[in-house]
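# A structural walkthrough
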There are 2 protein chains.
Amino acid sequence: MDTHPLDGGLALECFGQGEWRGKTSPHYGNMIGPFGGFIAAAFLKSVIDDKRRTGHPVALTVNFCGSIADGDFIITSKLQRGGKYTQHWSLELSQEAGVRATATLVFGARAEVFEHQVAKMPKAPAALKLVAMPKNALLKWVDAYELRFVEGAPDFTGKAFDHLRSAKTVFYVRDDPPRPLDYLSLAALSDCFFLRNLHIRGTFPPMGTVSLTTYFHATPEELNRQGNAPLLAVGDCKRLNGQFNDQQIELWATDGTLLASGVQVTWYKQ
Amino acid sequence: MDTHPLDGGLALECFGQGEWRGKTSPHYGNMIGPFGGFIAAAFLKSVIDDKRRTGHPVALTVNFCGSIADGDFIITSKLQRGGKYTQHWSLELSQEAGVRATATLVFGARAEVFEHQVAKMPKAPAALKLVAMPKNALLKWVDAYELRFVEGAPDFTGKAFDHLRSAKTVFYVRDDPPRPLDYLSLAALSDCFFLRNLHIRGTFPPMGTVSLTTYFHATPEELNRQGNAPLLAVGDCKRLNGQFNDQQIELWATDGTLLASGVQVTWYKQ
């Protein structure tokens, strides 16, 4: 079986404790440089592959400090502290120009205790009843996913809408080609959202992700159960002002289990 | 005028570039050790006081690696990268036992551009029509705030509820004694929530905050406008499972402006 592009792209080489060499992937490109979700997954991979790692991912924050160029990068990780229940990591991604992104990762020991899901998956028709979005030459990462919009399909004409539209989008998403879900693909999928300015205004002001936080609610069993079936993705926003806005996301399993949620902060110029 | 306990507690002493000496405050204690919101504010203070700092806070993530003892601490900060629009900082808080907390901070240049608030403040009676919560001897930080519950007042008997209750809480909160709102108090206020397990189940399993992220939507003008009037605070949760749960928060100005939002991850044992 061929290596999936995500696994090919994330094949990091260890050259010391907490020192990893990687390379951006042509399959996961953005308008300029790599797709942020790929960088998030690369940070996560460097810890998952580390012999010191215990438990499963709980929280990942990636801060994008500077533009990342296509090509080689180095990830360094520091295990800040490991206890019985949690492990805390601090990470940096560097290129020749210096540090380009930083991250913190919390891993946790999962155990069966009191469980309660408060949030509810929105109602949506079955994924295969919906048309898949056409591929997008400008954004390579869009080709790496199959997106089927339920609500708020983007309009790429770049023409400002007459009236502001809803910030909320609902769509199905899965890797293309399909790939069994794991924490790495979940990390990448958490950035698989068009920025809110496009959905609300219809326009493309200069904009980019500044900070990306993902909370992994899923247990390994829940990921296995989902396999390569499409996830239901919900994106929304609370406020855009003063050159920054938030973006709230949720990723749902077919059976209504919330697998991940998160928030990103986007900078925009106009 | 007397120094406010928050300002007294946050009086950090600089002993080198990005090197600060601080002390926990008896006014901001938790069940054990300091209130997390105080630590968040201390991290923020170390950057606000730094000569290299430009812009205003946009995003703050604090990861609590190990229990913080009452007493002295050291904060070290590294300016990872500063550009025209954003500044990225990585920080560590250490005590004799080693690194106890890490943080990342994004500062941003605010400018008047397209603005749109999507989220809406929940309806609530005026703050002064509601009874202030009694002080709480177990949790010193509760004494440092005036809390008036609109919805979901906590029950401290520790007896499990017959039925699970709503995860959502709505309350007014302000510093006690009152203090004009600024980014420091906003950072502390973002942790001013009782953990969701208590609200949902009525019980106190062993639990603690693992990661605390705050997004600052407010401009300096909006903070000034609010002054020392109570903020409307909304807390909620998406999912509790496998020893971890999220907590979603919003802090609203009297005029309906969303000043801050955020998410924390809590560990719980049973």
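Everything in this summary refers to the structure shown in the same document. (Residues numbered from 1 in each chain as written. Chains lettered and ligands numbered in written order. Predicted model: local features only at pLDDT ≥ 70, side-chain atom pairs only at ≥ 80, totals over all residues. Heavy atoms only, no water.)

### Here's the deal with the overall build of chain A
- Within chain A one finds 6 helices and 14 strands.
- Its C-alpha atoms give chain A a radius of gyration of 18 Å, within 12% of the compact-globule value 18 Å for 270 residues.
- In terms of overall dimensions, chain A has C-alpha extents of about 55 × 45 × 40 Å along its principal axes.
- Evaluated residue by residue, chain A yields a buried proportion of 61% over its 270 residues. (Helix = DSSP H or I, 4+ residues; strand = E, 2+ residues; numbered from the N terminus. Rg over C-alpha atoms; globule rule 2.2 N^0.38 Å. Buried < 20%, exposed > 50% of the residue type's maximum accessible area, 1.4 Å probe, protein only.)

### Structural notes on the environment of Gly37 of chain B
Residues and elements named next belong to chain B.
- Here Gly37 is to be found in helix α2 (residues 36–48).
- Expressed as a C-alpha distance, the spacing of Gly37 and Ala160, which sit 123 residues apart in the sequence, is 27 Å.
- If sequence neighbours within four positions are ignored, Gly37 has contacts with Ala187, Ala188 and Asp191. (Contact = heavy atoms within 4.5 Å.)

### Looking at the interface of chain B and chain A
- Facing 63 residues of chain B, the contacting portion of chain A comprises 63 residues.
- The three residues of chain B that bury the most area against chain A are Phe114, Lys238 and Arg239 of chain B, which together make up 14% of that side's buried surface.
- Our enumeration of links across chain B and chain A arrives at 8 salt bridges.
- A salt bridge links Glu92 of chain B to Lys78 of chain A; its shortest N-O distance comes to 3.0 Å.
- Seen at the junction of chain B and chain A, the total is 36 residue pairs in polar contact (both at pLDDT 80 or more).
- Pairing of strand β12 (residues 239–241) of chain A with strand β7 (residues 116–117) of chain B, which is carried by 2 bridges, proceeds in the antiparallel orientation. What sits directly across from Leu240 of chain A, in β7 of chain B, is His116 of chain B. (Buried area = accessible area lost by both parts, 1.4 Å probe. Salt bridge = Lys/Arg side-chain N within 4 Å of Asp/Glu carboxyl O. Polar contact = N/O pair within 3.5 Å; in protein donor to acceptor, adjacent residues only side chain to side chain. Pairing = 2+ DSSP bridges.)

### Brief notes about the packing of aromatic side chains
- For the structure shown, the criterion picks out 24 aromatic pairs over all chains.
- A ring pair is formed by Phe35 of chain B and Tyr145 of chain B, whose centres lie 6.1 Å apart and whose planes are at 65°; its orientation type is edge-to-face. Taken as a pair, Phe35 of chain B in the loop between β2 (19–23) and α2 and Tyr145 of chain B in strand β8 (residues 145–151) lie far apart in primary sequence, 110 residues in all.
- These aromatic residues form a ring-pair network of at least three members: Tyr28, Phe35, Phe38, Trp141, Tyr145, Phe149, Phe156, Phe171, Phe193 and Phe194 of chain A.
- Looking at Arg21 of chain B, its charged tip hangs above the ring of Phe15 of chain B, at a distance of 4.3 Å from the centre.
- Over the ring of Phe161 of chain B we find Arg165 of chain B, and its NZ or CZ is 3.5 Å from the ring centre. (Phe/Tyr/Trp six-rings, centres within 6.5 Å; stacked < 30°, edge-to-face > 60°. Lys NZ or Arg CZ within 6 Å of the ring centre and 35° of its normal.)

### Observations concerning α2 of chain B
Residue and element names in this part refer to chain B.
- Taking 1.5 Å as the rise per residue, α2 with 13 residues should run 18 Å; its terminal C-alpha atoms sit 18 Å apart, in good agreement.
- Most of α2 sits inside the fold, with 12 of its 13 residues counted as buried.
- Considered for burial, the residues of α2 that qualify are Gly36, Gly37, Phe38, Ile39, Ala40, Ala41, Ala42, Phe43, Leu44, Lys45, Ser46 and Val47. (Expected span 1.5 Å × (residues − 1).)

### Considerations on the relation of the copies chain B and chain A
- Superposition record for chain B on chain A: RMSD 0.0 Å, screw rotation 180°, translation along axis 0.0 Å. Classification of the inter-copy transformation places it as that of a two-fold axis.
- Interface residue correspondence from chain B to chain A reaches 100%, placing this contact among same-surface, isologous pairings. (Least-squares fit on C-alpha atoms with pLDDT ≥ 70 in both.)

### Quick notes on the environment of Ala69 of chain A
Residue and element names in this part refer to chain A.
- Inspection of the secondary structure assignment puts Ala69 in the loop between β3 (56–64) and β4 (72–82).
- Looking at Ala69, the relative accessible area reads 41%, which means it is partly exposed.
- Linking Ala69 and Thr24, residues 45 residues apart in sequence, is a C-alpha distance of 8.3 Å.

### Description of the pairing of strand β10 (residues 207–216) of chain B
Residues and elements named next belong to chain B.
- Counted residue by residue, β10 has 7 buried out of 10 residues, so it is predominantly covered.
- Note: strand β3 (residues 56–64) against β10, 5 bridges, orientation antiparallel. Paired with Thr61 across the two strands is Thr213, which belongs to β10.
- Relative to strand β14 (residues 258–268), β10 runs antiparallel, the two being bridged by 9 bridges. Note that in β14 the partner of Met207 across the bridge is Tyr268.

### Section: the pattern of salt bridges
- Evaluated as defined, the whole model comprises 30 salt bridges over all chains.
- A salt bridge links Arg239 of chain A to Glu222 of chain B; the shortest N-O distance between them is 2.6 Å. Of this pair, Arg239 of chain A sits in strand β12 while Glu222 of chain B sits in helix α6 (residues 220–226), which puts the two residues in different chains. Glu222 of chain B shares its class with Arg239 of chain A; the two are buried.
- For Arg225 of chain B, the salt bridge goes to Asp255 of chain B, with nearest N and O atoms at 3.0 Å. With Arg225 of chain B in helix α6 and Asp255 of chain B in the loop between β13 (244–252) and β14, the pair connects residues that are 30 residues apart, well separated along the chain.
- Using a relative accessible area of 48% as the deciding quantity, one classes Asp255 of chain B as partly exposed.

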